[in-house]
Amino acid sequence: MTNITRLALSVIGVLALTVTLGCTANAESLAPTGQQQRNEEVIRDAFALGVGDDDTFYAVLADDVEWTVARAGGASTYTGRAEFLRDGAAPIVSRLDGQIHAEIRELVAADDVVVASWRGTATARDGLPYVNEYAWVMTMRDERVVRVTAYLDLVALGELLERVSPDTAAGRPYLGMWTTADGRIRQELRPDGRYDEARGSRESAYTGRYEVRGERIEYRDDSGFTADGTFVTPDELHHGGMIFYRQPR
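Residues numbered from 1 in each chain as written. Predicted model: local features only at pLDDT ≥ 70, side-chain atom pairs only at ≥ 80, totals over all residues. Heavy atoms only, no water.

Peer 1: Please clarify how the environment of Thr179 should be interpreted in this entry.
Peer 2: Here Thr179 lies in strand S7 (residues 176-179). In sequence terms Thr179 and Tyr245 are 66 residues apart; their C-alpha atoms lie 5.4 Å from each other. Contacts of Thr179, omitting those with residues within four sequence positions, involve Ile185, Arg186, Ile243, Phe244, Tyr245 and Gln247. A distance of 2.9 Å separates a polar atom in the side chain of Thr179 from a polar atom in the side chain of Gln247. (Helix = DSSP H or I, 4+ residues; strand = E, 2+ residues; numbered from the N terminus. Contact = heavy atoms within 4.5 Å. Polar contact = N/O pair within 3.5 Å; in protein donor to acceptor, adjacent residues only side chain to side chain.)

Below, the structure is given as structure tokens:
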């Protein structure tokens, strides 16, 4: 366990002690408040979805969440859910074969803060296991996470990022930009399982999630509609009555 993870676990201990002392000092506070219990339930239910793309634990993040990764000598902060998913989560997700399974060690709630100590396990795309120890200090508002300080084993994460590249390990040759012959419609298939389609001068005209099964691709747009397509060749995609061609990376 790294020093930074030990520091995070000490935060859990301090919060637990704070709750205990508060309960001892006030007979009316012998149990957590209803909101504390609800916050804990929201976080526990979110972890049950796994940790990976934005349909997993990250669905509970507020759009304006501030996510900070604690590092010795400094920290990295992502402002907003979209930025975190793109720049913080996607580089990890793209190297894993599926979601991270979360084994919760402890949850402690105090006021609007929930601290989670958990072990994450997954299989990397090279077939080797990925295991990390986490402690997340989360601030809640209206049953959404609005601030996170994340402690984790950065050595284990660094080994994953160095060992497995998102391109070769992804084993997903469909990743990247696809366009119609005239270039008017441009569809990007991203490593985090999301697509972004531009039409003419209209950027991000359609965005949502996709899933590839064999030669078939299924889309679920953020607006609610679904669609599908077929990879006729590794460089040609038929979708919605249109033909898309892979663009060189």
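Alright, that's what it looks like, and here's the rest.
Peer 1: Mind showing me how you'd approach the pairing of strand S5 (residues 129-141) here?
Peer 2: Consecutive residues of a regular strand have side chains that alternate between opposite faces of the sheet. Burial of S5 is extensive: 10 of the 13 residues sit out of reach of the surface. Here 11 bridges tie strand S4 (residues 113-123) to S5, and the two strands are oriented antiparallel to one another. Looking at S5, one finds that Val114 is bridged to Met138. Between S4 and the antiparallel strand that follows it, S5, lie five residues; Gly127 among them carries a positive phi value of about 90°. Here S5 runs beside strand S6 (residues 144-152); their pairing, made up of eight bridges, is antiparallel. (Buried < 20%, exposed > 50% of the residue type's maximum accessible area, 1.4 Å probe, protein only. Pairing = 2+ DSSP bridges.)

Peer 1: Would you explain helix H3 (residues 81-93) in this entry?
Peer 2: Each full turn of the α-helix corresponds to 3.6 residues, which orients residues three or four apart in the same direction. The end-to-end C-alpha distance of H3 is 15 Å, clearly below the 18 Å that 13 residues give at a rise of 1.5 Å each. Within H3, the axis deviates most sharply at Asp87, by approximately 25°, and proline Pro91 lies no more than four positions further along. The inward-facing, buried residues of H3 contact strand S1 (61-71), strand S2 (74-79) and helix H4 (154-163). (Expected span 1.5 Å × (residues − 1). Bend = angle between axes of the 7 residues up to and from the residue.)

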